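Given next are the chains, with one letter for each unit.
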Amino acid sequence: MKSTIIFPAALSLLMVSTAALADKSAGESVDDSTTQAAVKTKLMGDNFFGGMGINIETHKGIVQLGGWIDDAEAGAKAAELAAGVDGVKSVDNQLHVKQGEASMGQTVDDTVITTRTKAAHADSALCSSLSVNVDTYNGVVLLTGFADSGEAKKACGDATAAVANVKSVINGINVPE
């Protein structure tokens, strides 16, 4: 019985504190979490998405899809499926087609670049408070997530570009109006 009471209280506290950090009301946080879960379920229910690493972020009904995919048709289908979910106001499709094959050595290098980029973001005053997804393929770094200002988006892009062995940066961080 005690766990039944404690769990809802802890969940409520988590939702309120998360909402405060994200400049959203607790209700908006719940709505976004529900929408995000519905989009994930919709994409996972479609067989061609098995094994694809797609990042899904939601902010006030805006759903952002991010990551590296094998072909553009898959990205278009993902965006179409996400747009059909209740609660989705718009879809920011940041799914990018992989260019070329990655060797085992390049895959290891990409992992190192991703780790160094996350460390650079943690050291940046403007990036450290953001939840930015970092995905690297063949030395190209894709940044996705949401920021509250263009200045924060630019700071994350600049910090990423300064990381050793980064060939280029696709800064797909969304700054909602």
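For the structure given in this document, a descriptive report is provided here. (Residues numbered from 1 in each chain as written. Predicted model: local features only at pLDDT ≥ 70, side-chain atom pairs only at ≥ 80, totals over all residues. Heavy atoms only, no water.)

### Focus: the state of the cysteines
Our working rule: What counts as a disulfide here is a pair of cysteine sulfur atoms lying within 2.5 Å. Where helices and strands are cited, they refer to DSSP runs of H or I of at least four residues and of E of at least two residues respectively, numbered from the N terminus. Relative accessibility under 20% of the residue-type maximum defines a buried residue, over 50% an exposed one, and the middle range a partly exposed one, all with a 1.4 Å probe and only protein chains included.
Tallied over the full model, the rule gives one disulfide. Two residues, Cys-127 and Cys-156, share a disulfide whose sulfurs are 2.3 Å apart. Here the residue Cys-127 occupies a position in the loop between helix 4 (104–123) and strand 4 (132–137), and Cys-156 occupies one in helix 5 (residues 150–161), the gap between them amounting to 29 residues. The burial state of Cys-127 is the same as that of Cys-156; both residues are buried.

### Some thoughts on the pairing of strand 2 (residues 62–69)
This is how it is decided: Strand pairing is assigned whenever DSSP detects at least two bridges linking the two strands. With the strands pointing away from the viewer, any crossover whose connection runs clockwise from the first strand over the helix to the second is right-handed.
In terms of burial, strand 2 is a largely internal element, eight of the eight residues being buried. The alternating pattern of strand 2 places Ile-62, Gln-64, Gly-66 and Trp-68 and Val-63, Leu-65, Gly-67 and Ile-69 on opposite faces, both of which are buried. Of the strand pairs in this sheet, strand 1 (residues 55–59) and strand 2 are connected by five bridges, and their pairing is antiparallel. Residue pairing in the sheet places Thr-58 in a bridge with Val-63 of strand 2. Linking two consecutive strands that pair antiparallel, namely strand 1 and strand 2, is a turn of two residues; a positive phi of about 50° is found at Lys-60 within it. Sheet topology places strand 2 next to strand 3 (residues 90–97); eight bridges connect them, and they run parallel. The residue bridging Gly-66 from the neighbouring strand is Gln-94, located in strand 3. As a crossover connection, the stretch from strand 2 through helix 3 (residues 72–83) into strand 3 is right-handed.

### Looking at the sheet that holds strand 3
Rules: Working convention: axes come from line fits to C-alpha atoms, limited for helices to the stretch in contact. Angles between N-to-C directions cover 0 to 180 degrees. By definition, residues are in contact when any of their heavy atoms lie within 4.5 Å.
Strand order in the open sheet formed by three strands is 1-2-3, with mixed pairing between adjacent strands. With partners counted over all chains shown, the strands left at the sheet margins are strand 1 and strand 3, one partner each. This sheet shows a mean twist of 10° between the axes of neighbouring strands, independent of strand direction. Most of the contacts of helix 3 go to strand 3, to which it runs at about 160°, and overall it touches strand 2 and strand 3.

### What to know about the nonpolar core
Note the cut-off: We define a nonpolar core as any set of buried Ala, Val, Leu, Ile, Met, Phe, Trp, Tyr and Cys residues linked to one another through side-chain atoms lying within 4.5 Å.
Ranked by internal contacts, the top residues of the largest apolar core, which has 16 residues, are Leu-130, Val-132, Val-141, Leu-143, Cys-156 and Ile-173. If you list the elements that add at least two residues to this core, you get helix 4, strand 4, strand 5 (140–145) and helix 5. Element by element, the count of residues in this core is highest for helix 5, at four residues. Ignoring sequence-local partners within four residues, the contact set of Cys-156 consists of His-121, Cys-127, Leu-130, Val-132, Leu-143 and Ile-173. Listed in part, the 14 residues of the second largest apolar core include Val-39, Leu-43, Ile-69 and Leu-95.

### What to know about the packing of aromatic side chains
Formally: Paired rings are identified among Phe, Tyr and Trp, the last through its six-membered ring, by centres lying within 6.5 Å, and are further divided according to the angle between planes into stacked (under 30 degrees), edge-to-face (over 60) and tilted (the rest).
According to the stated counting rule, one finds one aromatic pair in the structure shown. Measuring from centroid to centroid gives 6.0 Å for Trp-68 and Tyr-137, while their planes differ by 40°, and the two rings are tilted. Here Trp-68, found in strand 2, pairs with Tyr-137, found in strand 4; they are 69 residues apart in sequence, far enough to count as distant. In terms of burial, Trp-68 and Tyr-137 fall into one category: buried.

### Quick word on the pattern of salt bridges
Our working rule: Each reported salt bridge corresponds to a side-chain nitrogen of Lys or Arg within 4 Å of a carboxyl oxygen of Asp or Glu.
Considering all chains together, one arrives at two salt bridges under this definition. When the shortest N-O distance is used, the salt bridge between Asp-70 and Lys-98 registers 3.4 Å. With Asp-70 in the loop between strand 2 and helix 3 and Lys-98 in the loop between strand 3 and helix 4, this pair connects stretches of sequence that are 28 residues apart. Note on Lys-98: relative accessible area 30%, which makes it partly exposed. Of the charged contacts in the structure, one is a salt bridge between Lys-154 and Asp-158, with a shortest N-O distance of 2.6 Å. Of this pair, Lys-154 and Asp-158 both sit in helix 5, four residues apart, which is roughly one turn of the helix.

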